Amino acid sequence: MPHYKLTYFDLHALGEPIKLLFVVSKVDFEDVRIPFHKWGELKPVTGHGKLPVLHVDGEQFTQSLAICRYLAKQFNLIPKTDIGNYRAEELVELFMDLRLDFFVPFLLEADPKKKAELKENLVNNIYPKYYGIFESLIKKTEGTFISGEGENMSWADIFLASWIHTSTNLVVPPEFVKAYPALNKLYQTVFQNEEIRKYYKL
């Protein structure tokens, strides 16, 4: 088994889906958490000046989605069919649209008044729009997970559930996802995984 070392900040977000792929697959990894005040001195020696970074037997891997896809293949968490894989990729790219266009600007905003306005827009407009899209896509599969391959949970399901978990309380209240039954079922099913429950001490 390779030695895996994941380096990220001490918070959820881009590193969390990667961690959950290890957790679900019962694969050990070294979890290195960088304090923000140390980032300035470490950035120049970090791949592309960004985190997360995954080292596999010393070889450096960068870009969170590329890392997720790599690990998903290693851990057999890729959908089995081409259409299932397309559905998974579509879902992930849609969430990245939400994250990059709206979620990140909210997190980076320093002005309290503007931040409150951005959050209000997220809760009242942006999250309902995207959660509605996710709900529709999952319903089309007539299953619990996005690939439509029965009860085969893929990396995309884990990825989305991780970001729902991150968004809850930080942006939207805990009951928010319950308005979207298919999405909530996917989220709850992923978080009922025994290894995830142990990881989060649920």
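Rules and cut-offs
Residues numbered from 1 in each chain as written. Predicted model: local features only at pLDDT ≥ 70, side-chain atom pairs only at ≥ 80, totals over all residues. Heavy atoms only, no water. Pairing = 2+ DSSP bridges. Helix = DSSP H or I, 4+ residues; strand = E, 2+ residues; numbered from the N terminus. Axes fitted to C-alpha atoms, helices over the stretch in contact; angles between N-to-C directions. Contact = heavy atoms within 4.5 Å. Polar contact = N/O pair within 3.5 Å; in protein donor to acceptor, adjacent residues only side chain to side chain. Salt bridge = Lys/Arg side-chain N within 4 Å of Asp/Glu carboxyl O. Buried < 20%, exposed > 50% of the residue type's maximum accessible area, 1.4 Å probe, protein only.

### Structural notes on the sheet that holds strand E1 (residues 4-9)
Line of reasoning, step 1. The strand order E2-E1-E3-E4 describes an open sheet built from four strands, whose pairing is mixed. Among the strands making up the open sheet, the edge pair consists of strand E2 (30-34) and strand E4 (59-62). Each strand axis lies, on average, 20 degrees off the axis of its neighbour in the sheet, ignoring direction.
Line of reasoning, step 2. One ladder, built from four bridges, connects E1 with strand E3 (residues 53-56); its direction is antiparallel. Across the sheet, the residue bridging to tyrosine 4 is valine 56, located in E3.

### Brief notes about the environment of histidine 55
Line of reasoning, step 1. Within the secondary structure layout, histidine 55 lies in strand E3.
Line of reasoning, step 2. With 26 residues separating them along the chain, histidine 55 and phenylalanine 29 place their C-alpha atoms 9.8 Å apart.
Line of reasoning, step 3. Ignoring any residue separated from it by four or fewer positions in sequence, one finds histidine 55 in contact with His3, Tyr4, Lys5 and Gln60.

### A short note on the side chain of glutamate 89
Line of reasoning, step 1. Along the polypeptide, glutamate 89 turns up in helix H4 (residues 82-108).
Line of reasoning, step 2. Polar side-chain contacts of glutamate 89 include one of 2.7 Å to the side chain of arginine 69.
Line of reasoning, step 3. Setting aside its immediate chain neighbours within four residues, glutamate 89 contacts Arg69 and Trp155.

### A few points about the side chain of serine 147
Line of reasoning, step 1. Topologically, serine 147 is positioned in the loop between helix H5 (112-141) and helix H6 (155-167).
Line of reasoning, step 2. From its side chain, serine 147 meets the backbone nitrogen of glutamate 149 in a polar contact 3.2 Å long.
Line of reasoning, step 3. Other than its neighbours up to four places away in sequence, serine 147 contacts Pro79, Gly84, Arg87 and Asn152.

### Observations regarding the pattern of salt bridges
Line of reasoning, step 1. Going through the model one piece at a time under the given rule, you end up with seven salt bridges.
Line of reasoning, step 2. A salt bridge links arginine 33 to aspartate 10; the shortest N-O distance between them is 3.1 Å. Note that arginine 33 is positioned in strand E2 and aspartate 10 in the loop between E1 and helix H1 (15-25), a separation of 23 residues in sequence.
Line of reasoning, step 3. Owing to a relative accessible area of 52%, aspartate 10 belongs among the exposed residues under this scheme.
Line of reasoning, step 4. Here aspartate 31 ties to arginine 33 by a salt bridge, and the two come within 2.8 Å at their closest N and O atoms.
Line of reasoning, step 5. By relative accessible area, aspartate 31 is classed as partly exposed at 29%.
Line of reasoning, step 6. Through salt bridges with shared partners, one network takes in Asp10, Lys19, Asp31 and Arg33.

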